[in-house]
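Below are the chains, spelled out letter by letter.
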Amino acid sequence: MDPARKLKLRGFGFMFLSSSLMGGIGAFARYIEAPGEFISFCRNAAGFIGMTLIFMIGRRFVHVRNTRITPGIVFSGVFLGLLSALYVISTQMTTLANASFLIYTGPVYSTVLASIFLKEPFKKSMFGSLGAVILGMLIIIGIITYSPGGGLGMTLSLDPQYMTGNLIALGSGVAYGLYLFVSRYRTDVDSNTRSWFNFTFATITIGIILIFSRPDLSEMTTRGWVVLAIAATITGFGAFYFMTLATKILFAGELATIAYQETIMASILGWILFSEAMTLWQGLGGLLIIAGGVSQILISTRKSPDAVEAFTQGGTAGGRRSRRRKGVPVGGRAVKENVGAEL
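Criteria and cut-off values
- Per chain, the residues get numbers from 1 upward, laid out in the order the sequence is written.
- At least 70 in pLDDT is required for a residue's local features to be given in this predicted model, at least 80 for side-chain atom pairs to be given and counted, and no such filter applies to totals for whole chains, interfaces and linings, which use all residues.
- Computation of side-chain values: all heavy atoms of the structure, hydrogens and water removed.
- Pairing between two strands requires that DSSP report at least two bridges joining them.
- Segments assigned H or I by DSSP are reported as helices when at least four residues long, segments assigned E as strands when at least two residues long, and all are numbered from the N terminus.
- When two rings of Phe, Tyr or Trp (its six-membered ring) have centres within 6.5 Å they constitute a pair, described as stacked for plane angles under 30 degrees, edge-to-face for angles over 60, and tilted for the intermediate range.
- Exposure is judged per residue with a 1.4 Å probe applied to protein chains only, and the accessible area is read against the type maximum: over 50% gives exposed, under 20% gives buried, and values in between give partly exposed.
- One less than the number of residues in a helix, times 1.5 Å, gives the span that helix is expected to have.

S.K.: I'd like a description of the pairing of strand 1 (residues 144-147), backed by residues and values.
M.R.: The pairing of strand 1 with strand 2 (residues 151-154) spans four bridges and is classified as antiparallel. Counterpart to Ile-144 in the pairing with strand 2 is Met-154.

S.K.: Mind laying out the packing of aromatic side chains, listing which residues take part and the relevant values?
M.R.: Under the criterion given, the structure shown has 14 aromatic pairs. Here Phe-197 and Phe-201 contribute two aromatic rings whose centre-to-centre distance is 6.2 Å and whose plane-to-plane angle is 15°, an arrangement assigned as stacked. Here Phe-197 and its partner Phe-201 are both found in helix 10 (residues 191-213), four residues apart, which amounts to about one turn of the helix. Accessibility expressed as a relative area gives 18% for Phe-201, which makes it buried. Grouping aromatic residues by their ring pairs yields a cluster made of Phe-14, Phe-199, Phe-237, Phe-240, Tyr-241 and Phe-242.

S.K.: I'd like to hear about helix 1 (residues 3-22), residue by residue, with values.
M.R.: The end-to-end C-alpha separation of helix 1 is 29 Å, in line with the 28 Å expected for 20 residues at 1.5 Å each. Every buried residue of helix 1 is listed here: Ala-4, Leu-7, Lys-8, Gly-11, Phe-12, Met-15, Ser-18, Ser-19, Ser-20 and Met-22.

S.K.: Quick one: what's the story with helix 3 (residues 36-58), residue by residue and with numbers?
M.R.: Helix length check: helix 3, at 23 residues, gives a terminal C-alpha distance of 33 Å against a target of 33 Å (1.5 Å per residue), a fit within 8%. The positive-phi residue at the C-terminal boundary of helix 3 is Arg-59, with phi of around 50°.

Take a look at the structure:
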């Protein structure tokens, strides 16, 4: 297989791992007696500690010192912290269906923004794949329903008691979309270095929130602390690290189609751990998500090697003007320079 196509497959693999690991935070949170913002702080702090240890052991902090910090570097970390904190908070203040629906408006925002500002391609095939995963996600979390007597229906709780939680969940969706979008800038930065900066600024962001919220940890048990440590490592360091690797390779639209895998993982964990049965209707939603993700992988990896390499190594996605290199022909029109390469 062509190296450029292998790179694409690695990107999809990283995002699949990330979304699968992130799908476990809801299950872990049920065993942690702490506010959502504190759980999110620990998730990102675990990532910061993990990446710092990696750099210390490998004596690679020189990469951090030599990296020019731009707004794109800072804000990708800030938005990572906000999406993490706001989402967990929202799950404690509104229904899980509402929170999940509203945060997953994020990939839609990022896809549109990347198409407008980064000139990333948004073809009919990508629209179809993204539409399939969005529809499947809405079915799984119960927004779109079906019953033999009533037929198709749609529900989103608008009870006043959930209004604040819904607004916070919407904010998490906006932060998620901005994170995916901003992460497409400065893809010239080494993945490990970018992860370190992401975790650093995310931890600082949530730390500022904690200063004002002053979370009450008096009810935390030994079990809660143990589960929190495991959750922080798996759904924090692991999930966010793989997401950073994926954002360096994939387009925003491609990231979006795989991100919805998290809803499938959450449903599977709910069934295994809490006996939350999945209906045939929800199973159909899962199949739509899988079909949309697989179709996007096939479409992306079947592109011509030149086109794939141009976008993943030096074109719109790479933050630099695509250059003709010896032995590597560039077909068709030259890729436009990324107008936001210095963000």
